Amino acid sequence: MGKNVLLVDDSSTMRKIVGRSLRQAGIEFDNIFEAADGLEALEVLEKEKVDIVLSDINMPNMDGIAFLREKATRDAIKNIPVLMISTETGDDIIGEAKSLGALGAIKKPFTPDKVNEVLGPLL
Amino acid sequence: MLNSLNIGNEIIAGCKDVFSTMLMVDLEPGEVVVQQKVDIKSNITSMIGLGGGLKGLLAVHCPQTVATHITSTFLGMDVDEIDDDVKDAIGEIANMVAGNLKISCASADVNIELAIPTSIVGDSFYVSGNAQSTRLVVPFFMEQDCFWIELMYVLNS
């Protein structure tokens, strides 16, 4: 069975760009699910089989850090890996994300090669 | 300290990085204008609020030709009119340019907090800031037309 990814970003444009970058990087997923904030992401994770999450940090309603915090409390989904894709790359906020289970971060702007370099070894 | 940074140059470097990385476009920056009126011909403006050590806003002002070209390139499809995709795409440009400025300022021990971008469609408005704020405008030229990045800020001592 192939792998599924969930893209979480309040920008629909950025979700499309990330999806296209995955294809350009040669990373194929059977399904690409999308969510506009952390709340929507939690709903998707509870319903669908997701192998990895690529999430923004600055989002309305529930941001990426709050999403990680809430996800960590839910047994059924807490072990699904998350990689942050954000303009927020400071040691403090990425350190907080990692302490809540994030595997790492990709800085916006990014190239498909960068996505492959960071995401490839995690799959 | 922020005095060690040339904010105009940081905006130029940050914006060129965004366009070369995400759009494969080599921007030609114009002269940085500080505290002077600039004639901006814009049909869409995306703004992002800045807080923390540097308070104010960063705005990206685009004529329709530039905004639709950026969006077309981002999405890989033809876009002719300013719609929700265009508002979203220009908001992301503002977000990434502000993100690069945040990294630059952090290197000078000034920590900026970023809000979420807001886009306004229209051409009969101007952005007004605090009387004490510094206003800086940088034009950028690309094949289609020119667009502007405006930064208004006060240092939070």
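All residue numbers refer to position in the chain's written sequence, counted from 1. Throughout, the order in which chains and ligands are written sets their labels, letters from A for the former and numbers from 1 for the latter. Totals for whole chains, interfaces and linings use all residues, but because this is a predicted model, local features are given only for residues with pLDDT of at least 70 and pairs of side-chain atoms are given and counted only at 80 or more.

Quick look at the overall build of chain A
At step 1: A count of helical and extended segments in chain A gives five helices and five strands.
At step 2: The secondary structure elements of chain A, listed N-terminal to C-terminal, are β-α-β-α-β-α-β-α-β-α.
At step 3: For the C-alpha atoms alone, the extent of chain A along its principal axes is close to 35 × 35 × 25 Å.
At step 4: Exposure in this text rests on C-beta crowding, where 20 or more other C-beta atoms within 10 Å of a residue's own make it buried, 12 or fewer make it exposed, and counts in between make it partly exposed. The C-beta atoms are placed from the backbone. Here chain A holds 123 residues, and 40% of them are scored as buried.
At step 5: We call two residues in contact when their backbone-placed C-beta atoms lie within 7 Å. In chain A, once contacts between residues fewer than 6 apart in sequence are set aside, the share between residues at least 24 apart is 65%. Starting at the N terminus, helices and strands are each numbered in turn, a helix being any DSSP run of H or I of at least four residues and a strand any DSSP run of E of at least two.

With respect to the overall build of chain B
At step 1: The helix and strand inventory of chain B stands at three helices and eight strands.
At step 2: Of the regular secondary structure in chain B, the N- to C-terminal order runs α-β-β-β-β-α-α-β-β-β-β.
At step 3: Radius of gyration: C-alpha atoms only; globule rule: 2.2 Å multiplied by the number of residues to the exponent 0.38. The C-alpha atoms of chain B give 15 Å as radius of gyration, which agrees with the globular expectation for 157 residues (15 Å, within 12%).
At step 4: Overall, chain B is about 45 × 30 × 30 Å in size when its C-alpha atoms are taken along their principal axes.
At step 5: In chain B, which comprises 157 residues, the proportion classed as buried is 40%.
At step 6: For chain B, contacts bridging at least 24 residues in sequence account for 67% of all contacts bridging at least 6.

Regarding the interface of chain B and chain A
At step 1: Counting from both sides, the interface comprises 20 residues of chain B and, opposite them, 17 residues of chain A.
At step 2: For the side of chain B that touches chain A, the secondary structure elements donating two or more residues are helix H1 (7–22), helix H2 (64–75) and helix H3 (84–106) of chain B.
At step 3: Of the residues forming the side of chain B that touches chain A, the biggest block, eleven residues, is contributed by H3 of chain B.
At step 4: Classifying every residue of the side of chain B that touches chain A gives eleven nonpolar, five polar and four charged. We call Asp, Glu, Lys and Arg charged. Ala, Val, Leu, Ile, Met, Phe, Trp, Tyr, Cys and Pro are nonpolar, and the rest, Gly among them, are polar.

Focus: the packing of H2 of chain B against H3 of chain B
All names here are of chain B.
At step 1: One can describe the packing of H2 onto H3 by two numbers: an axis separation of 9 Å at closest approach and a directional angle of 90°. Considering their axes alone, H2 and H3 lie roughly perpendicular with respect to each other. Taken together, the residues of H3 that come into contact with H2 (itself represented by Ala67, Thr68, Ile70, Thr71, Phe74 and Leu75) are Asp85, Val86, Ala89, Ile90 and Ile93.
At step 2: Its residues assigned to classes, the contact of H2 with H3 shows eight nonpolar, two polar and one charged. Lines fitted to C-alpha atoms define the axes, with helix axes restricted to the stretch in contact, and inter-axis angles between N-to-C directions lie between 0 and 180 degrees. Any angle that is under 35 degrees is reported as roughly parallel, and any over 145 degrees as roughly antiparallel; angles of 65 to 115 degrees are reported as roughly perpendicular and all others as oblique.

A few points about H2 of chain B
At step 1: Taking 1.5 Å per residue as the helical rise, H2 of chain B with its twelve residues ought to reach 16 Å, and the 16 Å between its terminal C-alpha atoms agrees with that figure.
At step 2: Packed against the buried residues of H2 of chain B are helix H1 (12–24) of chain A together with strand S3 (44–52), strand S4 (54–62), H3 and strand S8 (146–155) of chain B. Any helix carries an expected span of 1.5 Å times its number of residues minus one.

Some words on unusual backbone geometry
Leaving glycine out, the prevailing phi sign among residues is negative, and the prevailing peptide bond configuration is trans.
At step 1: With an omega of 0°, the peptide bond between Lys108 of chain A and Pro109 of chain A qualifies as cis.
At step 2: Even without being a glycine, Gln35 of chain B presents a positive backbone phi close to 60°.
At step 3: Positionally, Gln35 of chain B belongs in the loop between strand S2 (33–34) and S3.
At step 4: Its identity as a non-glycine residue notwithstanding, Asp109 of chain B has a phi of 60°, on the positive side.

Here we look at the pairing of strand S2 (residues 31–35) of chain A
Residue and element names in this part refer to chain A.
At step 1: A pair of strands is considered paired only if DSSP assigns at least 2 bridges between the two. Here strand S1 (residues 4–8) runs beside S2; their pairing, made up of five bridges, is parallel. The residue of S2 that forms the bridge with Val5 is Ile32.
At step 2: The handedness rule is simple: strands pointing away from the viewer, and a clockwise path from the first strand over the helix to the second, make the crossover right-handed. For the segment spanning S1, H1 and S2, crossover handedness is right-handed.

Considering the nonpolar core
At step 1: Each nonpolar core comprises buried Ala, Val, Leu, Ile, Met, Phe, Trp, Tyr and Cys residues, the members being joined through C-beta atoms within 7 Å. Within the largest apolar cluster, 70 residues are counted, with the highest numbers of intra-cluster contacts made by Leu6 of chain A together with Leu58, Ile90, Val97 and Ile149 of chain B.
At step 2: Among the elements that take part in this core, H3 of chain B stands out by supplying ten residues, more than any other.
At step 3: Those residues in contact with Leu6 of chain A that sit more than four places away from it in its chain are Phe33, Ala35, Ala41, Val44, Leu45, Val50 and Val53 of chain A.

Focus: the confidence of the model for chain B
At step 1: The predictor rates its confidence in each residue with pLDDT, a number between 0 and 100. With 99% of its residues at a pLDDT of 70 or more, chain B shows a mean pLDDT of 92.
At step 2: Both scores are available for the predicted complex, with the pTM at 0.93 and the ipTM at 0.89.

Some words on the sheet that holds strand S3 (residues 52–55) of chain A
Note: strands within a sheet are paired through backbone hydrogen bonds, in either parallel or antiparallel orientation.
All names here are of chain A.
At step 1: As summarised here, the arrangement of the five strands in space is S2-S1-S3-S4-S5, forming an open sheet in which the pairing is parallel. What marks the edges here is a single partner per strand, and that holds for S2 and strand S5 (104–107). Averaged over all pairs of adjacent strands, the angle between their axes in this sheet comes to 20°, without regard to strand direction.
At step 2: Across three bridges, S3 lies against strand S4 (residues 82–86) in parallel orientation. Its bridge partner lying in S4, Ser55 is registered against Met84.

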